[in-house]
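Secondary and tertiary structure notes
For reference, the chains in residue letters:
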Amino acid sequence: MLKKVICHFVIVSAALLIFSFIGNRVEKLNPIIKAVNDIKLSDIFFLFSDNIETSSEIYIIDIGDKDSVKSREDIASFIEKINDQYMPKVIGVDVFFDSKYKDESFNKKLITSLSMDNVIRIFKVEDDFNTLYPNFSVLPGLDTNTVFKDGYTFGLGNATQHPCIRYYKPTFEIQGKKYNHFSKLIAQKYLNQSSEELSNALDINFEDKLMIRFNTNFSDNRININDSTRYHELKDKIVLIGLNTYKNDGTPFYNNDVHFTPKNPNYIGRSIKDSYGIEIIGTIVSNLINNDHFSHSETFVNWLNWIISIIVYIFLLFFFTTFNEHYVFLKIFIQTIGILLLAVISFFIMFNSNYYIDLTPAIGMIFISAEFIKIVEELLQKLPSYTKNLKNE
């Protein structure tokens, strides 16, 4: 049996290397492979989770898709008015102000508003021939402060490349300097904590990639920037300013800054994007201020999937060798029980802890190995040396 296992693993290892080599090149060209690879257990978990609640701390101010001059005027007036009358704890402005519009009167008022103590701003991370560099607002007289006031959002992915947003990086190093995620700076300001204090309070390492727990709904906390009748709700709250307009059927009205998330009901193919970037940022902020994040160790999960896959393969190989005549029935039974067991284990851990274990690769191996064993065994049976050794055993 040991020789059989060794022979199988040599062939399987060689096949996996070949498939991996081909897959890495075909994936970019094959939408079917990309769609299948993009399925994760977390998508099913979030899709059926009923733990989604309306945030009591975070409000989103929808600026609409207006021309840049009008948007600048609205944002500046809103910040000035809301701080004068109701003073939110934090105002996060998810809008980048480029150099295209240089009206001095608008810019002066905007600079004054963006410089207020409770305002957090974004900067862009540009890619110049695979070299990343920060691109700050070119508004004259607006000082940058990457420790407390200016954060990046690029970790949410490029909305034009159809990624599913599951993770983010709280901190990121660019050309030897460490920068902070926009949502992290907002959480620090709201809780009045330094980066180190927040890290210790949450017991997480901001150097790690963190998984987003999509458990927050902002539909009741969405306010049009010109709807002053609801401004009183923003006192001592977290206010996020950005594009967040929806149709009556609950789908995004605009295509700008819209992403796929695990909440998407069409998780195979993801034909319709479901969330604006400002909502994802709001969810991350909610995770941070409520200590409601998912912990995830990619190295540990990869090793766990490999170990489970090897055990499953050996287990199925034993049944194939011992109960060959009944293998077709046993294979279906073992696959069904194995898939359900791994899915239940993953969901149980996610529901009852803050740890995420993605056993999707191991579940895939249960499907593949059952058929692969038959193919490998047929190949080995054609080798005289292999059949001779089996007879000697």
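On a predicted model such as this, the values are computed, not experimentally measured, just so you know. Numbers given for residues are sequential positions, taken from 1 along each chain in its written order. Reporting in this predicted model follows two pLDDT cut-offs: at least 70 for local features of residues, and 80 or more for side-chain atom pairs to be given and counted; totals over whole chains, interfaces and linings ignore these cut-offs and use all residues. Side-chain metrics in this entry use all non-hydrogen atoms of the structure; hydrogen atoms and water are not considered.

For the rest of this paragraph, the subject is the overall build of the protein. What counts as a helix is a DSSP run of H or I of at least four residues, what counts as a strand is a run of E of at least two, and both are numbered from the N terminus. The secondary structure content of the protein amounts to 12 helices and 15 strands. Looking at the protein as a whole, 44% of its 393 residues are labelled buried. Put simply, of all contacts in the protein between residues at least 6 apart along the chain, 77% involve residues at least 24 apart. With residues, only the protein chains shown are counted as cover, and all accessible areas are computed by Shrake-Rupley using a 1.4 Å probe. Split by element, the accessible area of the protein, about 20,900 Å² in all, is 57% carbon and sulfur. A 1.4 Å probe rolled over the protein chains alone gives each residue an accessible area, and that area as a share of the maximum for its type sets the label: buried under 20%, exposed over 50%, partly exposed in between. Two residues qualify as a contact provided that any one of their heavy atoms is within 4.5 Å of a heavy atom in the partner residue.

A few words now on helix H6 (residues 182-191). Think of an α-helix as 3.6 residues a turn; residues three or four steps apart then line up on the same face. For H6, the buried fraction is high: eight of the 10 residues fall into the buried class. Within the sequence span of H6, burial applies to Phe182, Ser183, Lys184, Leu185, Ile186, Ala187, Gln188 and Tyr190. Looking one or two places after H6, you find Asn192, whose phi comes out positive at around 55°.

Another aspect to go through is the environment of Ser195. Along the polypeptide, Ser195 turns up in helix H7 (residues 195-202). Relative accessible area serves as the criterion here: at 27%, Ser195 is assigned to the partly exposed category.

Quick look at the packing of aromatic side chains now. Ring geometry is summarised as follows: Phe, Tyr and Trp rings, the Trp one being its six-membered ring, pair when their centres sit within 6.5 Å, and such pairs are stacked at plane angles under 30 degrees, edge-to-face over 60 and tilted between the two. Considering all chains together, one arrives at seven aromatic pairs under this definition. Between the aromatic rings of Tyr246 and Tyr276, the centroid separation amounts to 5.4 Å while the plane-to-plane angle is 80°, which identifies the pairing as edge-to-face. Taken together, the residues span a long stretch of sequence, with Tyr246 in the loop between strand E13 (238-242) and strand E14 (258-259) and Tyr276 in strand E15 (residues 275-276) at a distance of 30 residues. Side by side, Tyr246 and Tyr276 carry an identical accessibility label, which is buried. Plain terms: the ring middles of Phe253 and Tyr254 are 4.9 Å apart, the flat faces sit at 75° to each other, and that makes the pair edge-to-face. The class for Phe253 is partly exposed, based on a relative accessible area of 47%. Through a chain of ring-to-ring contacts, three or more aromatic side chains come together here, namely Phe123, Phe136, Tyr152, Phe172 and Tyr179. Should the NZ of a Lys or the CZ of an Arg lie within 6 Å of a ring centre and within 35 degrees of the ring normal, that charge is described as sitting over the ring. Stacked on the ring of Tyr190, the Lys or Arg Lys89 has its end atom at 5.1 Å from the ring centre. A cation sits over an aromatic face here: Lys209 above Tyr167, 4.4 Å from the ring centre.

Attention shifts here to the pairing of strand E9 (residues 177-180). One bridge is not enough; two strands pair if DSSP finds at least two bridges between them. Two elements, strand E8 (residues 171-174) and E9, share four bridges in a ladder whose sense is antiparallel. Of the residues in E9, the one forming a bridge with Ile174 is Lys177. Following E8, the chain reverses through two residues before pairing antiparallel with E9; Gln175 in that reversal takes a positive phi of roughly 50°.

This part takes up a nonpolar patch on the surface. Surface patches are defined over residues having more than 30% relative accessible area and no salt bridge, joining like charges when they lie within 9 Å and nonpolar side chains (Val, Leu, Ile, Met, Phe, Trp, Tyr) when within 5 Å. Basic side-chain nitrogens of Lys or Arg form a salt bridge, by our definition, when they fall within 4 Å of a carboxyl oxygen of Asp or Glu. A cluster of nonpolar side chains, namely Trp303, Ile307 and Ile311, defines an oily patch on the protein surface of about 360 Å² accessible area. Turning to its location among the elements, Ile311 is positioned in helix H9 (residues 298-322). On the basis of relative accessibility, which here comes to 53%, the residue Ile311 falls in the exposed class.

Moving on: the pattern of salt bridges. Considering all chains together, one arrives at eight salt bridges under this definition. Salt-bridge contacts for Asp74 lead to Lys70; the nearest nitrogen and oxygen are separated by 3.4 Å. Of this pair, Asp74 and Lys70 both sit in helix H4 (residues 68-85), four residues apart, which is roughly one turn of the helix. The exposure class of Asp74 is buried, given its relative accessible area of 10%. The class of Lys70 is partly exposed, set by a relative accessible area of 36%. The salt bridge partner of Asp150 is Arg121, with a shortest N-O separation of 2.9 Å. You can see Asp150 sitting in strand E6 (residues 150-152) and its partner Arg121 sitting in strand E4 (residues 119-128), a full 29 residues away along the chain.

Attention shifts here to H9. Expected span, for any helix, means 1.5 Å times one less than how many residues it has. In this model, H9 (25 residues) spans 36 Å end to end at C-alpha, consistent with the 36 Å of a helix rising 1.5 Å per residue. Those residues of H9 that fall on the buried side of the exposure criterion are Val301, Asn305, Ile308, Ser309, Val312, Tyr313, Leu316, Leu317, Phe319 and Phe320.

Glancing now at the side chain of Thr153. Relative to the helices and strands, Thr153 is located in the loop between E6 and strand E7 (167-168). Once you skip the residues sitting within four places of it in the chain, Thr153 turns out to touch Asp94, Ile122, Phe123, His181, Phe182 and Ile281.

A few words now on the packing of H4 against helix H5 (residues 104-114). It is the contact of H4 with H5, at a shortest axis distance of 9 Å, that shows an interaxial angle of 40°. Looking at the two axes, H4 sits oblique to H5. Helix-helix and strand crossings are classified by hand; for H4 and H5 the assignment is left-handed. Each of Val69, Arg72, Glu73, Ile75, Ala76, Ser77, Ile79 and Glu80 in H4 lies in contact with H5, whose residues at this interface are Phe106, Asn107, Lys109, Leu110, Ser113 and Leu114. In this classification, Asp, Glu, Lys and Arg are treated as charged, Ala, Val, Leu, Ile, Met, Phe, Trp, Tyr, Cys and Pro as nonpolar, and every other residue, Gly included, as polar. Residue composition of the contact of H4 with H5, grouped by class: seven nonpolar, three polar and four charged. To define axes, lines are fitted to C-alpha atoms, for helices over the stretch in contact only, and angles between the resulting N-to-C directions are given on a 0 to 180 degree scale. An angle counts as roughly parallel when it lies under 35 degrees, as roughly antiparallel when it exceeds 145, as roughly perpendicular when it falls between 65 and 115, and as oblique in every other case. Handedness of a crossing follows from how the near helix is turned relative to the far one, being left-handed for an anticlockwise turn of less than a right angle and right-handed for a clockwise one.

Note on placement: Ser113 falls in helix H5. For Ser113, a relative accessible area of 2% translates into the label buried. Under this definition, polar contacts are N or O atom pairs within 3.5 Å; protein pairs additionally need one hydrogen-donor-capable and one acceptor-capable atom, and for neighbouring residues in sequence, both atoms have to be side-chain atoms. A polar contact of 3.0 Å, which involves the side chain of Ser113, links it to the backbone oxygen of Ala76. The contact partners of Ser113, leaving out residues within four places of it in the chain, are Ala76, Ile79, Glu80 and Val119.

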